[in-house]
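As a plain string of letters, each chain reads:
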Amino acid sequence: MDTGTHLVIGLGLAGLSQIDPSVSADSAATTAVFIGTVIGSQIPDVDGLLRFKGNATYIRNHRGRSHSLPALLIWTLLITGALALFFHGIPLLHLGMWVGIAVCFHVFSDCFNTYGTQAIRPFSEKWVSWNIIHIFDPFIFSSHIAAIFMWSFHVASPKLVFPSLYGIIALYYIWRTLDHYIVEKGLYRKDPTFQHGDQYTLIVTFNLYVWNVVKRRADGTFQLGELKNSKLKWLDTVRCEDHPAVEASKKNEDIQALLYFSSFTCAEVKEHRWGYEVRWADVRYRHRKQYPFVGVIHMDHNYKTLDSYVGWVNDTRLEKKLRVDLY
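Since the structure is predicted, the reported quantities are computational estimates derived from the model, not experimental observations. (Residues numbered from 1 in each chain as written. Predicted model: local features only at pLDDT ≥ 70, side-chain atom pairs only at ≥ 80, totals over all residues. Heavy atoms only, no water.)

Participant: Whenever I open this one, the side chain of Thr117 confuses me. Can you help?
Facilitator: Topologically, Thr117 is positioned in the loop between α6 (92–110) and α7 (138–152). Among the residues examined, Thr117 registers a relative accessible area of 0% and is labelled buried. A polar contact of 3.1 Å, which involves the side chain of Thr117, links it to the backbone nitrogen of Ala119. Those residues in contact with Thr117 that lie beyond four places of it in its chain are Arg63, His67, Val107, Asp110, Cys111, Lys126, Trp127 and Val128. (Helix = DSSP H or I, 4+ residues; strand = E, 2+ residues; numbered from the N terminus. Buried < 20%, exposed > 50% of the residue type's maximum accessible area, 1.4 Å probe, protein only. Polar contact = N/O pair within 3.5 Å; in protein donor to acceptor, adjacent residues only side chain to side chain. Contact = heavy atoms within 4.5 Å.)

Participant: How should the layout of surface pockets be read in this particular structure?
Facilitator: If a probe as big as a water molecule is rolled over the atoms, it shows which places are left empty. Here the largest pocket is characterised by a volume of approximately 1,000 Å³. Along the walls of the largest pocket sit 40 residues, with His134, Ile135, Arg284, Tyr285 and Trp312 positioned nearest its centre. Elements that contribute at least two residues to the lining of the largest pocket include exactly α4 (55–61), β1 (199–204), β2 (210–216), β3 (222–228) and β8 (305–312). (1 Å grid on protein atoms, 1.4 Å probe; cavity = no way out; pocket = protein on both sides within 12 Å on 5 of 7 lines; lining within 4 Å. Points joined across faces, edges and corners; volume = space filled by probe spheres on them.)

Participant: Looking at this structure, I do not really get the packing of aromatic side chains. What am I missing?
Facilitator: If you walk through the whole model with that rule in mind, you get 22 aromatic pairs. When the centroid spacing of 6.2 Å and the interplanar angle of 75° are considered together, the rings of Phe105 and Tyr166 count as edge-to-face. With a gap of 61 residues between them, Phe105 in helix α6 and Tyr166 in helix α8 (residues 158–185) connect regions that are remote in the sequence. Tyr166 carries the same exposure label as Phe105, and that label is buried. Seen in terms of ring centroids, Phe108 and Phe112 are 4.9 Å apart; in terms of plane orientation they differ by 65°. Their pairing is edge-to-face. Residue class for Phe108 comes out partly exposed when judged on its relative accessible area of 38%. Relative accessible area serves as the criterion here: at 6%, Phe112 is assigned to the buried category. In this structure an aromatic cluster arises from ring pairing among Tyr115, Trp127, Tyr260, Phe261, Tyr285, Phe293 and Trp312. Stacked on the ring of Tyr58, the Lys or Arg Arg51 has its end atom at 4.0 Å from the ring centre. The ring of Trp175 has Arg176 sitting right over it, with the charged end atom 5.5 Å from the ring centre. (Phe/Tyr/Trp six-rings, centres within 6.5 Å; stacked < 30°, edge-to-face > 60°. Lys NZ or Arg CZ within 6 Å of the ring centre and 35° of its normal.)

Participant: Would you mind showing me how to read the sheet that holds strand β5 (residues 265–272) here?
Facilitator: Note: strands within a sheet are paired through backbone hydrogen bonds, in either parallel or antiparallel orientation. Taken together, four strands build an open sheet; the order of strands is β5-β6-β7-β8 and the sheet is antiparallel. Looking at strand neighbours, the two that pair on one side only are β5 and β8, the edges of this open sheet. Sheet twist, expressed as the mean angle between neighbouring strand axes with direction ignored, is 10°. Both β5 and strand β6 (residues 275–282) contribute to a ladder of eight bridges, which runs antiparallel. By the bridge assignment, Glu271 is partnered in β6 with Tyr276. (Pairing = 2+ DSSP bridges. Axes fitted to C-alpha atoms, helices over the stretch in contact; angles between N-to-C directions.)

Participant: I keep staring at the state of the cysteines and nothing clicks. Help me out?
Facilitator: Note on terminology: a disulfide is the covalent bond linking the sulfur atoms of two cysteines. Inspection of every chain in the model, using the stated rule, returns one disulfide. Residue Cys240 pairs covalently with Cys266 via a disulfide, S to S 1.8 Å. Torsion about the S-S bond of the Cys240 and Cys266 cystine: about -125°, corresponding to left-handed handedness. Of this pair, Cys240 sits in the loop between β4 (231–238) and α10 (244–249) while Cys266 is found in strand β5, placing the two residues 26 residues apart along the sequence. (Disulfide = S-S within 2.5 Å.)

Participant: Would you mind going over the pattern of salt bridges with me for this structure?
Facilitator: When the charged atoms of two side chains lie near each other, side chains of opposite charge can form a pair. Tallying each qualifying case throughout the model produces ten salt bridges. The shortest N-O distance in the salt bridge between Asp198 and Arg217 comes to 3.3 Å. Of the two residues, Asp198 is situated in the loop between α9 (187–190) and β1 and Arg217 in the loop between β2 and β3; the sequence distance between them amounts to 19 residues. Its relative accessible area of 16% is what places Arg217 among the buried residues. Where salt bridges share partners, they join Asp191, Asp198, Lys215 and Arg217 into one cluster. (Salt bridge = Lys/Arg side-chain N within 4 Å of Asp/Glu carboxyl O.)

Geometric descriptors of this kind do not, in isolation, establish any biological role.
The structure is reproduced here in structure tokens:
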């Protein structure tokens, strides 16, 4: 989820903690849990600081170790221990429980969007991305804002508001999960071009009733489409090129970062007077007829790297980031 949604969830969990008598009966415990859930709902994304080490490092590691199973325990203990230094005599087990819930909810909710996490690390480095909930979900955000408003202005008791909120949120997650499963399993029936071996991935959008569709064919070709009003429309076809420059590009750190993160990449090669341009694109992120999440490398005719870049970019910005004159 986005930072704003994680923040309101942290506040919401602070409100939900009022159902715990050990917290609601003690103002110091209430304050400590409030701080703990807000920090806990944000702390896994501290790896965003890796941006300062470069895009390749950030893309390869963001939502990786910081969202892993051991990290859930580490973040919980660190935050609880730090708060214990300032709040004496509060029930630490209850504080740790609510902090842990906030940390776990952060990672759990991130698994539902397209970017995903390495939530089952260290058992596997697989990226868990279920493509079910958009990174910013208007319903989740607005329902939390409404509940926090009612709590702040004493419209209703938090012991009533927040259990109701999270009961509704749980049902929302179940509905979206079942809807995604049913729609994705039935995509081949809506596709007149279906062939044996085609694999479909249904990707959530901001609109609850519009989905993006990625179809991987047996020959490695990708078809990109949109499912709207139960009608499937194909918008683009991407054919991955096979060229020595493509293989050589896989040795580059920037390209390796993109390939490590995504299994939906496709490469194209352009030859120039100075050598080759290899552009890898993550086809899941089609926007305005472009693929803005890319790894691009420029090589001379001997496949020696001249410059490279990985990240979110459009063609205009990319020309400024790479030093080689394309013309």
